[in-house]
Amino acid sequence: MDRADVIILGGGLVGLALAAALDASGLSSIVVDPADPDARKTQAFDGRTSALSSSSKRMFDTVGISDHFPVPGCPIRRIEVADGLDPGGLAFDPGDDDEPLGWMNENRHLRTALLARTQAGKNIWLMWKAKPAQVDRGDHGVSVRLEDGRVIGAPLLVAAEGRNSPMREAAGIRIARWKYDHSAIVSTLRHERSHDNVAYEIFYPSGPFALLPMTDDEGGHRSAIVWSVKAEDAAGFLSLSEGDFATEAEAAMGGFLGRIELLAPRSTYPLGFHHAARITDRRLALVGDAAHGIHPIAGQGVNLGYRDAAALAQVLVEGARLGLDLGDQQLLTRYQRWRGLDTFMVSLATDSLTRIYGIRGKTASKVRRFGMGVINRIGPVKERLMAEARGTSGDLPLLLRGLPI
């Protein structure tokens, strides 16, 4: 039987980030994933991007993931929020440290960096094209029998399998779940004028339109879009020609970046919310989408997962230094308490924003604009919102502060 300190089921963005964080502090992990990693190395750009909050970027720097980025991410120097195309709204800028509010990366580059970092890890075993056939979480440890007959063991099992986590279901962990009547359309645009490293969030009653700055390429300026539309309208938007879709997107943007064209295929996915009643069980911890899934309205989805990874890594490393069993309930209770409130509050905030900005009518719009004006004038409130956007609020794990564990 191969043994490690932790078995991680799921080699996606969060699962590999956790493995890298553990490896940086000398803890070993076995990552089990049914995917073929070579299929993830494709050079084709499918239009999917992710925003790294400034705190997540610090963790990536600290554990060595950033060293493997094939292309640097695009810093977000300013965030502008508006209710429709009317003037006014909220604007967020870096603090005195001038640290970017976040970084935009193509998902393929994120995957490349995480894969390269974990492949270089001295304490990481990557078991690709592998599926668990039987899992036993006993009093004295965890054993996993894979479909190919191999057996692996560890004191702790981590479920990083995504929103439909089989391990979460097997543990009988209940979740609150509902669907929004919206689908997100994602793609990448080339535009005539520079974005100046500004991210825009434009709220319409039909759904928010997010425009996120990306690094320029040989052809000029680029931005990613995440456009939330009514679910019944998504097929119609996808059926438009590239030119017609670009015209619709340009109108939604108000034309402030000039003429635009599509650079990547459009894709869509339904929007929903889910939140696990608890994120631990006997010798089991949930991270990332296995624990929670939120509306992309604030770009915090995957960053919540990185916060999970940073907190769990710190709990386990500090437990190991005390000589504790890494599956000990007191460690899992600490992780539950640390992450439970933060993920719930962020989930609640994004859900509330989605509903507030979905209210139609001139009166509702006037109230929203008045509220944004008030926030702009009240420093502490605005600073708190900016801290949430940067992922620097609350009791931050060391890695998210840029400090080794």
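Keep in mind it's a predicted model, so treat the numbers as computed, not measured.

Parameters at a glance
- Residues numbered from 1 in each chain as written.
- Predicted model: local features only at pLDDT ≥ 70, side-chain atom pairs only at ≥ 80, totals over all residues.
- Heavy atoms only, no water.
- Helix = DSSP H or I, 4+ residues; strand = E, 2+ residues; numbered from the N terminus.
- Buried < 20%, exposed > 50% of the residue type's maximum accessible area, 1.4 Å probe, protein only.
- Contact = heavy atoms within 4.5 Å.
- Areas by Shrake-Rupley, 256 points an atom, 1.4 Å probe, with all protein chains shown as cover.
- Pairing = 2+ DSSP bridges.
- Expected span 1.5 Å × (residues − 1).
- Salt bridge = Lys/Arg side-chain N within 4 Å of Asp/Glu carboxyl O.

Chemist: Looking at this structure, I do not really get the overall build of the protein chain. What am I missing?
Modeler: A tally of regular secondary structure across the protein chain gives ten helices and 22 strands. For the protein chain, with 405 residues in total, the buried portion stands at 53%. For the protein chain, restricting intrachain contacts to residue pairs at least 6 apart in sequence, the fraction spanning at least 24 positions comes to 73%. Element-wise, carbon and sulfur atoms account for 52% of the exposed surface of the protein chain, whose accessible area totals about 17,600 Å².

Chemist: Just checking my understanding: could you explain the environment of isoleucine 8 for this structure?
Modeler: With respect to the helices and strands, the residue isoleucine 8 is situated in strand β2 (residues 6-9). Accessibility expressed as a relative area gives 0% for isoleucine 8, which makes it buried. Distance from isoleucine 8 to valine 32, taken between C-alpha atoms, is 6.2 Å for residues 24 residues apart in sequence. Those residues in contact with isoleucine 8, other than ones at most four positions away along the chain, are Gly15, Leu18, Ala19, Ser29, Ile30, Val31, Val32, Val158 and Ala160.

Chemist: Which parts of the structure should I look at to understand the sheet that holds strand β11 (residues 141-146)?
Modeler: Strand pairing in a sheet relies on backbone hydrogen bonds, with the paired strands running either antiparallel or parallel. The strand order across the open sheet formed by four strands is β1-β12-β11-β10, and the pairing between neighbours is mixed. Strands at the two margins of the open sheet, each flanked by one partner only, are β1 (2-3) and β10 (132-138). Across six bridges, β10 lies against β11 in antiparallel orientation. For proline 132, the partnering residue across the bridge sits in β11 and is leucine 146.

Chemist: Any chance you could explain helix α3 (residues 107-120) here in plain terms?
Modeler: With 14 residues, α3 extends 20 Å from end C-alpha to end C-alpha; this agrees with the ideal 20 Å at 1.5 Å per step. In the core, the buried residues of α3 are packed alongside α1 (13-24), β4 (49-53), α2 (54-63), β8 (102-106), β9 (124-128) and α7 (301-321).

Chemist: Please clarify how the pattern of salt bridges should be interpreted in this entry.
Modeler: Close approach of charged atoms lets side chains of opposite charge pair. Under the definition given, this model contains 19 salt bridges. Among the salt bridges present, the one from glutamate 106 reaches arginine 222, with a minimum N-O distance of 3.1 Å. Within this pair, whereas glutamate 106 is found in strand β8, its partner arginine 222 is found in strand β17 (residues 220-230), the two being separated by 116 residues in sequence. Neither glutamate 106 nor arginine 222 differs from the other in exposure class; each is buried. One salt bridge in this structure joins glutamate 169 and arginine 168, with 2.9 Å as the shortest N-O distance.

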